[in-house]
Amino acid sequence: MAATTILKLDGLSKNFGAFQALRNICLEIIEGEFLTIVGPSGSGKTTLIRLLVGMDQPTEGEIRLRGTRIESTPANKRPTCMVFQSLALFPHRTVGQNIEFPLKIRGEPPARRKERACELLELLRLPLEYYGKRIAQCSGGEQQRVALARALAFDPEILFFDEPLSALDYRLRKALEKELKDLHERTGKTFVYITHSLEEAMVMSDRIAIMNAGRFEQIATADQIYARPVSKFVAEFMGEVNLFDISGTDRRGIGSGSLGSKDNLDLGLAGDEVGTLMVRPEFVRRVEGKGSSDFWVRGQLRAEYLLGSRLHYEFDCDDGTTLTVEKLREDRFRCAPGDEFLLGWDLANSHVIRSRG
Ligand code: ATP
């Protein structure tokens, strides 16, 4: 089936006085997808989602829901729904009353409301006995599920989530991430989620949109963004990375003094082009001699950190830069601080970021 655009953002900008919080945002959200908007604090995520749900209006640009312009339609007139970090549940009412609230507003009869509330309890894997339980007697995770059930009771075209898991402890957050992904699959609804947690974005999303200073830097799958970032910002935002300045003419001793490479590697850069060579730490290995990998660098071990199932190493290179390497526990290097290694990796595991403009 061809993908249908459910929400289209075209040239959206938002100014607060002289400050431009959003700049020329363009995005097509596909019906049924799980799209996560991720970015550092202050990048504009909340500003954008407020425009998308109708809590604020853009300074410029259009928002179209199934082709109809909605940027001036207030939140309560839009067929979309928002799930907040602060759940906005009624604490002294029961779970059932909370879930039924949207149905009551819509004038559904009590029997139908209860039937739907029970279906939603089941969908959210909450016991049916919870129907009569007060919100104040539910745990944080249970309250989060009730908030989701209530959002689904609205039967919205799109569900927007504003960091709904950030107040929960680590284990509960991890469990709910998987549940949300599963809920998305079972309902087939369009989910638009904002977070500053990259891990959350990677676990749940079909696509991730990375925001930086009011603009999208890249919109793609988690895999593409991790392996083929379009900018240094995205590469660094997506976790540990090693970056080297290179140019199209450098075929030998590429970039900074410490990096060596085989001759005539095709880096995809024209003679006068400059760029950045990227390799993730898990692709760097210990090599016997120059030429047994496409790239190599000599490093002296500065520190080793245990990260649960993995080990993280930091090597000082000759030119003062740091090379990071990660290994699974079973592939641990036998080494001590101060040991010198020749470290290498191959072009197939590297990525070249072209410098813009
Ligand atoms: P966080 O992850 O910290 O919530 P964010 O990515 O959601 O950050 P926004 O809250 O959208 O960022 O803010 C983007 C920028 O716009 C910030 O520099 C913020 O100070 C500014 N901003 C947001 N709302 C207003 C406002 N009402 N008036 C003036 N500036 C604002």
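Up top is the structure.
An account of the accompanying structure is given in this report. In this text, all values refer to a predicted model and were calculated from it rather than measured experimentally. (Residues numbered from 1 in each chain as written. Predicted model: local features only at pLDDT ≥ 70, side-chain atom pairs only at ≥ 80, totals over all residues. Heavy atoms only, no water.)

### Details of the pattern of salt bridges
Tallying each qualifying case throughout the model produces 28 salt bridges. In this structure, Arg207 and Glu33 form a salt bridge, with 2.8 Å as the shortest nitrogen-oxygen distance. Residue Arg207 is located in strand S9 (residues 207–212), and its partner Glu33 is located in the loop between strand S2 (19–30) and strand S3 (34–38); the two are separated by 174 residues in the primary sequence. For Asp182, the salt bridge goes to Arg186, with nearest N and O atoms at 3.0 Å. With Asp182 and Arg186 both in helix H5 (residues 170–187), this residue pair falls four residues apart, about one helical turn. (Salt bridge = Lys/Arg side-chain N within 4 Å of Asp/Glu carboxyl O. Helix = DSSP H or I, 4+ residues; strand = E, 2+ residues; numbered from the N terminus.)

### Some remarks on the side chain of Glu314
Take Glu314: it is sitting in strand S16 (residues 310–317). Residue classification places Glu314 among the buried residues on the basis of a relative accessible area of 17%. Side chain to side chain, Glu314 and His312 meet in a polar contact 3.4 Å long. Beyond its immediate chain neighbours, meaning those up to four positions away, Glu314 contacts Gln300, Leu301, Arg302, Ala303, Tyr305, Thr322, Leu323 and Thr324. (Buried < 20%, exposed > 50% of the residue type's maximum accessible area, 1.4 Å probe, protein only. Polar contact = N/O pair within 3.5 Å; in protein donor to acceptor, adjacent residues only side chain to side chain. Contact = heavy atoms within 4.5 Å.)

### Looking at unusual backbone geometry
In this structure, Asn24 takes a positive phi of about 45° despite not being glycine. Phi angles above zero are rare outside glycine, and Arg125 is one such case at about 60°. Along the chain, Arg125 turns up in the loop between helix H3 (110–123) and helix H4 (140–153). Exposure remark for Arg125: the relative accessible area of 54% places this residue in the exposed category.

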